[in-house]
Amino acid sequence: MKTRITELFGIEHPIIQGGMHYVGFAEMAAAVSNAGGLGIITGLTQKTADALANEIARCKDMTDKPFGVNLTFLPTVNAPDYPGYIRAIIEGGVKIVETAGNNPAPFLPYFKDAGIKVIHKCTSVRHSVKAQNVGCDAISVDGFECGGHPGEDDIPNFILLPRAAEELTIPFVASGGMADGRSLVAALALGADGINMGTRFIATQEAPVHEKVKQALLAASELDTRLVMRPLRNTERVLTNAAVERLLEKERRLGADIKFEDIIEEVAGVYPRIMMEGDMEAGAWSCGMVAGLIHDIPTCKDLIDRIMAQANSIIRERLAGMA
């Protein structure tokens, strides 16, 4: 299947694995890229620029296909070593970067000069248009269904994607609620050029996370995510557990007086304990509503092949038969 996204990134299938904290290691990215999609290493999971350089080198040993690096620009007092991370990306020969968080405009010249394509993650049409205007090459449009940070507008993809199609001229992919061939066909019908999957890729054999994490996704339904940190205007969709329910109780009790320090136990530094050690009650971790569509743990190749076969079947048989 050829779309503007496959042409832009030189990939076989219009399927991207989004950056995910303590999931997007070299093993994950290489498995997706080898299966014909676009794998993504999560830059800030690596504690230093040198560690990211090593992770890029490891991924290159595992695949000769295109892969990218996610770099999230966080609003923080103690900013990560962004110049060092960017240098590691450029010197590592990576040609695709997924940016997220703050406006990537200050860093775009470095990527452009190195011939790197930038896809920026946005949760609104206005931010998507701004990213297009500052020079991003593509957009990942994140609907309200997505795991992680869905923004504050609460617009689901059935509205957000066609609105993005009305306003954007550059390629974009649909993110949030994407799991199978039905998702891909729907995204294409609504104007997108492909899909970005996060949560679905965690439930694969190659995902370098604890087996308990994968089993939690298998057991979850579409009703098992919660929105936390809404009072702080830093909303995150997470899978419910005891820590999440405790966090929500604090939000209800403290109301407008809540501060980040009040919930730090449930959200700060919990990812290694959950993803690596399988401590499923350690805290809040990002998960999309798409968990309700996860019923097995295939290899990345089997998953992507199945998505493409289902999508082609829907287009050629179901939809063409209605014409």
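Values in this document were obtained by computation on a predicted structure and should not be read as measured data.

Cut-offs and rules
Residues numbered from 1 in each chain as written. Predicted model: local features only at pLDDT ≥ 70, side-chain atom pairs only at ≥ 80, totals over all residues. Heavy atoms only, no water. 1 Å grid on protein atoms, 1.4 Å probe; cavity = no way out; pocket = protein on both sides within 12 Å on 5 of 7 lines; lining within 4 Å. Points joined across faces, edges and corners; volume = space filled by probe spheres on them. Helix = DSSP H or I, 4+ residues; strand = E, 2+ residues; numbered from the N terminus. Nonpolar A, V, L, I, M, F, W, Y, C, P; charged D, E, K, R; others polar. Axes fitted to C-alpha atoms, helices over the stretch in contact; angles between N-to-C directions. Parallel < 35°, antiparallel > 145°, perpendicular 65-115°, else oblique. Left-handed = near helix turned anticlockwise from the far one by under 90°. Contact = heavy atoms within 4.5 Å. Pairing = 2+ DSSP bridges. Core = buried A, V, L, I, M, F, W, Y, C linked by side-chain atoms within 4.5 Å. Buried < 20%, exposed > 50% of the residue type's maximum accessible area, 1.4 Å probe, protein only. Expected span 1.5 Å × (residues − 1). Bend = angle between axes of the 7 residues up to and from the residue. Polar contact = N/O pair within 3.5 Å; in protein donor to acceptor, adjacent residues only side chain to side chain.

Undergrad: Is there a simple way to think about the layout of surface pockets in this case?
TA: Over the atoms rolls a probe the size of a water molecule, and in doing so it shows where empty space is left. When its volume is computed, the second largest pocket comes out at roughly 250 Å³. Residue lining of the second largest pocket: 16 residues in total, with Glu145, Phe158, Gly176, Gly177 and Met178 positioned closest to the centre. Listing elements by their share of the lining of the second largest pocket, those giving two or more residues are α7 (157-167) and α8 (181-189). For the lining of the second largest pocket, the class distribution of residues is nine nonpolar, five polar and two charged.

Undergrad: What exactly am I supposed to notice about the packing of α8 against helix α14 (residues 300-322) here?
TA: Pairs of packed helices are described in terms of their axes, by the angle between the two and the distance that separates them. At a minimum axis separation of 7 Å, α8 and α14 run at an interaxial angle of 60 degrees. When the axes of α8 and α14 are compared, the pair comes out oblique. Every pair of crossing elements has a handedness; the one defined by α8 and α14 is right-handed. In contact with Gly181, Arg182, Leu184 and Val185 of α8, α14 contributes Ile307, Met308, Gln310, Ala311, Ile314, Ile315 and Leu319. Looking at the contact of α8 with α14 residue by residue, the class counts come to eight nonpolar, two polar and one charged.

Undergrad: Quick question: what am I supposed to make of the sheet that holds strand β2 (residues 39-42) here?
TA: In a beta sheet, neighbouring strands pair by backbone hydrogen bonds and run either parallel or antiparallel. Pairing in this open sheet of eight strands is parallel, and the strands run β1-β8-β7-β6-β5-β4-β3-β2 from one edge to the other. The two strands at the open ends of the sheet, each matched to only one other strand, are β1 (15-17) and β2. Ignoring which end each strand starts from, the neighbouring axes of this sheet average 30 degrees apart. In the sheet, strand β4 (residues 96-101) pairs with strand β5 (residues 117-122) via four bridges, with the strands oriented parallel.

Undergrad: What exactly am I supposed to notice about the nonpolar core here?
TA: Soluble, globular proteins show a tendency: their nonpolar side chains are buried together. The biggest cluster of nonpolar side chains holds 82 residues, and the ones touching the most others in it are Leu71, Ile89, Phe111, Phe201 and Trp285. No other element matches the seven residues that α14 contributes to this core. Leave out the neighbours within four places in its chain, and Trp285 touches Val213, Ala216, Leu217, Arg237, Val238, Leu239, Asn241, Tyr271, Ile274, Met275 and Met280.

Undergrad: Explain the side chain of Ser175 here, please?
TA: Note on placement: Ser175 falls in strand β7 (residues 172-175). Here Ser175 falls in the buried class, since its relative accessible area comes to 6%. Apart from residues lying up to four places away in sequence, Ser175 is in contact with Ser140, Val141, Asp142, Gly143, Asn157 and Asn196.

Undergrad: Honestly, unusual backbone geometry in this entry has me stumped. Any pointers?
TA: Glycine aside, residues mostly have negative phi angles, and peptide bonds mostly take the trans form. At Tyr22, a residue that is not glycine, the phi angle is positive and equals roughly 60 degrees. Looking at the element boundaries, Tyr22 is found in the loop between β1 and α2 (26-34). Despite not being glycine, Arg233 has its phi angle at roughly 55 degrees, a positive value. Looking at where Arg233 falls in the secondary structure, it is placed in the loop between β9 (225-228) and β10 (236-239). Owing to a relative accessible area of 62%, Arg233 belongs among the exposed residues under this scheme.

Undergrad: So what exactly am I meant to see when it comes to α14 here?
TA: Because each turn of an α-helix spans 3.6 residues, side chains separated by three or four positions end up pointing in the same direction. Over its 23 residues, α14 extends 32 Å from the first C-alpha to the last, a length consistent with the 33 Å expected when each residue adds 1.5 Å. The principal kink in α14, of about 30 degrees, is found at Ile314.

Undergrad: I'm lost on the side chain of Gln132 in this one. Help?
TA: Turning to its location among the elements, Gln132 is positioned in helix α6 (residues 125-134). Judged by relative accessible area, which is 16%, Gln132 ranks as buried. Within polar-contact distance, the side chain of Gln132 engages the backbone nitrogen of Thr169 at 2.7 Å. With residues near it in sequence (within four places) discarded, Gln132 still touches Ile139, Glu167, Leu168, Thr169 and Ile170.

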